[in-house]
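Chain by chain, the residues:
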Amino acid sequence: MRQPENVLLQEWTGPYGGVPTFDKMDLSLLKPAFEEAMADNLEEIDKIANNPDDPTFENTIAEMERAGAMLDRLYTYYGIWSSNRSSPEFREIQKELAPVLSAHSSKIIQNEKLFQRVKAVWQASQENPLEPAEQRTVQLTYESFAMQGADLDEASKKRYAEINQELSKLYTSFSNNILADEEGYVVFFSPEQTGGLPASYINSSAKAAADRGKEGMHAVTNTRSSMDPFLKYSDERALREQVWKNYYSRGDNGDEHDNNQNIIDILKLRRERVAILGYDNYAEWRLQNRMAKTPENAMAMMEAVWPAAIARVSEEVAEMQKIADKDGISIEPWDYRYYAEKVRKAKYDLNSDEVKQYLQLDKLTEAMFFVAGELFNFKFTPVPAGSVPVFHEDVQVFEVADKDSGKFIGLWYLDAYARKGKRSGAWATMYRSYSTFDGEKTVLASNNSNFVKPAPGDPLLVSWDDATTFFHEFGHALHFYSSNVKYPTLGGGVRDYTEFQSQLLERWLSTDEVINNYLVHYESGEPMPDELIAKIKAASTFNQGFATTEYLASALMDMYYHLADPADLDPDQFEKETLAELKMPKELVMRHRSPHFGHVFSGEGYATAYYGYMWADVLTADAAEAFREAPDGFYDKAMAEKLVQYLFAPRNSIDPAEAYRLFRGRDANIEALMRDRGFPVGE
Ligand SMILES: [Zn+2]
């Protein structure tokens, strides 16, 4: 086959089933590469759409699975340069490309001839079902087209496109209004008013004030990272109240940045758009291909946890009130974090520096390899130096193979350290996914984090939270390597399901096998003491009333908004009335109040999907209990086999709800989650 001249488009060659040539990346190659790859992709699609033969699975769906390979390879480079190696020069290119790339995918979805062929294959499969892998691939492909309006007549299609245009403007306006209110409100305070604040906060707030021309003062800006610690530590109650009010009034100030009308407009347009597709409400449309399937299922899960969460809030408030009484204060929302911190210090004071001395990044990496070996039968070995190109000298590459047969499974790229141009946080990504329909493709996956690189020879010590996240992201990677799917579409993720596998893997961090062998003191080599482990575990249920209630209030409102008729809806009033009916405790508010609930109104990613965090938590807690109850606990071989077979390997090739039932013998119930959060479990 002829190789394209642009190196970013070329087939991956070399060892390990071919690897990306990161060493040949040059930003000037990106734009021409995208032009060529998109043109090539459209040509492939046109060929499928205009095939004179009757549509079949082979000549339509399988060809679609094959199409876009060149574009996919290019996206690997693009993704890395946007997340790991960004620069002003790259961002310019990105700004130019973003609309072009989104127009490209719309072009494919809107290709009428293509859709008619997909629909024909789907209809035939409804009468004469295909093999399971083929049947599900057709189903998922057809659904994704139909859900985006491919099956509408011309007039409806036109209106559908108009609605999307209007919505995208409203989303931008919604998030710009939040931004304006985050930038527009600052609380300044004097050096005499820094009582209770940690030194690091005092320093950064002095800088924030100086940046705003108030040298010698301090400033709390109107963002979560500035507000949260201030409310937790500041002794100045009047300031706390002001900071709290500014933060929770974002988008709700009755001025030109007020978002209430935007909410109404967005809800009306969303409802109109799904009505064109034949759905009663947005939630029903959105959840059809999620694990929860219906808004009722998602609501039932949340409503089952809610009473225990608000009951715990009253216990927390009662405990805090005892301390607040001494200050002659009755707990208000701006006091919650402050008195919770006082209770935490008294009851569970954990010295995070002490914990860190047992958490070395190298040892944690070894621990993850050990867990992967025990559960998945994987063996990780560093590749010979220089044998695989990397996008930065700090990236380490490991070969993943089956422990017994030695069969090659994939490569693991670890980019552990922070650097300029790398986005914050931690994440997992895949450069090449598993599939077999066109010959077996092995997996190239990566984990990325932002640890500060130590001096050579020094251990890298991390916090318990960071260690948990490190395991979490590795869980995503294991989910990639375990895949046994035939078609790429079946390897996709399901929003309320894909965080489950990674959350579950976090649980192995605190198993005895890991603690005793890998969580060892960086100097003495002694394993982490039992008392310290016990303290970490006890602290994990602390303040769960607050955390669960503020989260659930937002998740429930997200769902109520999309089930309600938006015709005469007044968001401020709707929020107030709905929360009153739920008996929302007066001492706290929704984590994201409606006028600044960006997850839901700045776009569609999390609209009627905010429940998904807890949905995955329910599965995680329930699956972890299955291991805890097994004869050999978290290292039980029979359980591990089921874990791989049903929860990891199938990815989206079987319905997640069915996969879970195969693993557990029943649906997940919420009791394990209740126990995890320290809530009472009813009989
Ligand atoms: Zn995750």
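If you're wondering where the values come from, they're calculated on a predicted model, not measured in any experiment. Starting from 1, residues in each chain are numbered consecutively following that chain's sequence as written. For this predicted model, a pLDDT threshold of at least 70 governs which residues receive local features, and a threshold of 80 or more governs which side-chain atom pairs are given and counted, while totals over whole chains, interfaces and linings are taken from all residues. As a rule here, side-chain values come from all non-hydrogen atoms in the structure, and water together with hydrogens is ignored.

A.B. asks: Talk me through the coordination of the zinc ion; I want residue IDs and the actual numbers.
C.D. replies: The textbook angles at a metal center are 109.5 degrees for a tetrahedron of four donors and 90 or 180 degrees for an octahedron of six. Counted as donors are the N, O and S atoms within 2.8 Å of the metal, or 3.2 Å for Na, K and Ca, while water is not among the atoms, so some sites may look incomplete. Note on the zinc ion: its protein donors are His472 (NE2), His476 (NE2) and Glu499 (OE). The metal-donor distances range over 2.0 to 2.1 Å. Every donor residue of the zinc ion comes from the same chain, spaced as H-x3-H-x22-E. Of this pair, histidine 472 and histidine 476 both sit in helix α17 (residues 464-482), four residues apart, roughly one helical turn. The classification of residues rests on relative accessible area computed with a 1.4 Å probe and restricted to protein chains. Under 20% of the type maximum is buried, over 50% is exposed, and intermediate values are partly exposed. Of the residues examined, histidine 472 reaches a relative accessible area of 10% and is grouped as buried. For histidine 476, a relative accessible area of 12% translates into the label buried. A run of DSSP states H or I qualifies as a helix once it reaches four residues; a run of E qualifies as a strand once it reaches two. Both are numbered from the N-terminal end.

A.B. asks: Give me the lowdown on the side chain of threonine 221, citing residues and values where you can.
C.D. replies: Inspection of the secondary structure puts threonine 221 in strand β2 (residues 218-221). Looking at threonine 221, the relative accessible area reads 15%, which means it is buried.

A.B. asks: Can you break down the pairing of strand β7 (residues 443-451) residue by residue, with the values?
C.D. replies: The two faces of the sheet receive side chains in turn, since in a regular strand these alternate between them. By the criterion of burial, β7 is predominantly enclosed, with eight of the nine residues buried. Between any two strands, at least two bridges found by DSSP are needed for them to pair. Where strand β5 (residues 408-417) and β7 come together, seven bridges link them in parallel fashion. Each residue of the ladder has a partner; that of leucine 414, found in β7, is asparagine 447. For strand β6 (residues 427-432) and β7, the ladder comprises five bridges, and the chain directions are antiparallel.

A.B. asks: So what about the packing of helix α24 (residues 612-629) against helix α26 (residues 656-664)? Which residues, and what values?
C.D. replies: Relative to each other, α24 and α26 sit at 20°, their axes nearing to 11 Å. Overall, the two elements α24 and α26 adopt an arrangement that is roughly parallel. For α24 against α26, the interelement crossing comes out left-handed. Seen from α24, the contacting residues are Leu619, Asp622, Ala623, Glu625, Ala626, Phe627 and Glu629; seen from α26, they are Tyr660, Phe663 and Arg664. Lines fitted to the C-alpha atoms define the axes, with helices restricted to the stretch that makes contact. Angles between their N-to-C directions range from 0 to 180 degrees. When an angle is under 35 degrees it counts as roughly parallel; over 145 it counts as roughly antiparallel; between 65 and 115 it counts as roughly perpendicular; any other value is oblique. If you view the pair so one helix is near and one far, a crossing is left-handed when the near helix is turned anticlockwise from the far one by less than a right angle, and right-handed when it is turned clockwise. For this analysis, residues touch if any pair of their heavy atoms sits within 4.5 Å.

A.B. asks: So what's going on with the sheet that holds β7? Which residues, and what values?
C.D. replies: The mixed open sheet is built from five strands, whose spatial order is β3-β4-β5-β7-β6. Two strands in the sheet have a free side with no partner beyond their single neighbour: β3 (378-382) and β6. Strand-to-strand, the axes of this sheet are offset by a mean angle of 25°, without reference to chain direction. Alignment of β3 against strand β4 (residues 396-402), held across five bridges, turns out to be antiparallel. By the bridge assignment for β4, phenylalanine 380 is matched with valine 400. On the sheet, helix α16 (residues 361-376) packs against β3, β4, β5 and β7 and is oriented at approximately 145° with respect to β3. Of the strands in this sheet, β3, β4, β5, β6 and β7 are in contact with α17, which crosses β7 at around 170°.

A.B. asks: Go over the pattern of salt bridges, please, and point to the residues and values.
C.D. replies: Between side chains of opposite charge, pairing is possible as soon as their charged atoms come close. Criterion for a salt bridge: a side-chain nitrogen of Lys or Arg within 4 Å of a carboxyl oxygen of Asp or Glu. Under the defined criterion, the tally for this structure stands at 40 salt bridges. A salt bridge links lysine 453 to aspartate 394; the nearest nitrogen and oxygen atoms lie 2.7 Å apart. Of this pair, lysine 453 sits in the loop between β7 and α17 while aspartate 394 sits in the loop between β3 and β4, and the two are 59 residues apart along the sequence. Of the charged contacts in the structure, one is a salt bridge between aspartate 415 and arginine 419, with a shortest N-O distance of 2.6 Å. For the pair formed by aspartate 415 and arginine 419, the shared burial category is buried. Through salt bridges with shared partners, a single ionic network connects Lys158, Arg159, Glu162, Glu166 and Glu272.

A.B. asks: Give a description of the packing of aromatic side chains that names residues and reports values.
C.D. replies: For any two aromatic rings, the description comes down to two numbers: the centre-to-centre distance and the angle of the planes. Side-chain rings of Phe, Tyr and Trp, where Trp is taken by its six-membered ring, are said to pair if the distance between their centres is within 6.5 Å; with planes under 30 degrees apart they count as stacked, over 60 as edge-to-face, and otherwise as tilted. The tally for this structure, following the rule as stated, stands at 55 aromatic pairs. Both rings, one in tyrosine 282 and one in tryptophan 285, keep their centres 5.3 Å apart while their planes meet at 50°; by these two values the pair is tilted. Of this pair, tyrosine 282 and tryptophan 285 both sit in helix α12 (residues 282-287), three residues apart, which is roughly one turn of that helix. Of the two residues, tyrosine 282 and tryptophan 285, both sit in the buried class. Taken together, a centroid distance of 5.1 Å and an interplanar angle of 45° make the contact between tyrosine 561 and phenylalanine 574 tilted.

A.B. asks: Quick one: what's the story with the nonpolar core, residue by residue and with numbers?
C.D. replies: What tends to happen in soluble globular proteins is that the nonpolar side chains get buried as a cluster. Among buried residues, the Ala, Val, Leu, Ile, Met, Phe, Trp, Tyr and Cys ones that are joined through side-chain atoms within 4.5 Å form a nonpolar core. Phe380, Trp412, Phe474, Tyr481 and Met528 are the most contacted members of the largest nonpolar core, which totals 140 residues. It is helix α13 (residues 295-326) that provides the largest number of residues to this core, a total of 13 residues. Within the second largest apolar cluster, 35 residues are counted, among which are Ile80, Ile93, Val388 and Phe408.

A.B. asks: Break down the packing of helix α18 (residues 498-506) against α24 for me, with residues and values.
C.D. replies: It is at 8 Å that the axes of α18 and α24 come closest, and there the two elements cross at 45°. Classed by the angle they form, the pair α18 and α24 counts as oblique. Every pair of crossing elements has a handedness; the one defined by α18 and α24 is right-handed. Only Tyr613, Ala616, Asp617, Leu619, Thr620, Ala623 and Ala624 of α24 make contact with α18, whose side of the interface consists of Glu499, Phe500, Gln503 and Leu504.

A.B. asks: Please give an account of the pairing of strand β1 (residues 186-189) that cites residues and values.
C.D. replies: Residues Val187 and Phe189 of β1 are buried on one face, while the alternating residues Val186 and Phe188, pointing to the opposite face, are not. In terms of strand pairing, β1 meets β2 through four bridges, oriented antiparallel. Residue valine 187 lies in a different strand from β2, and its bridge partner there is valine 220.

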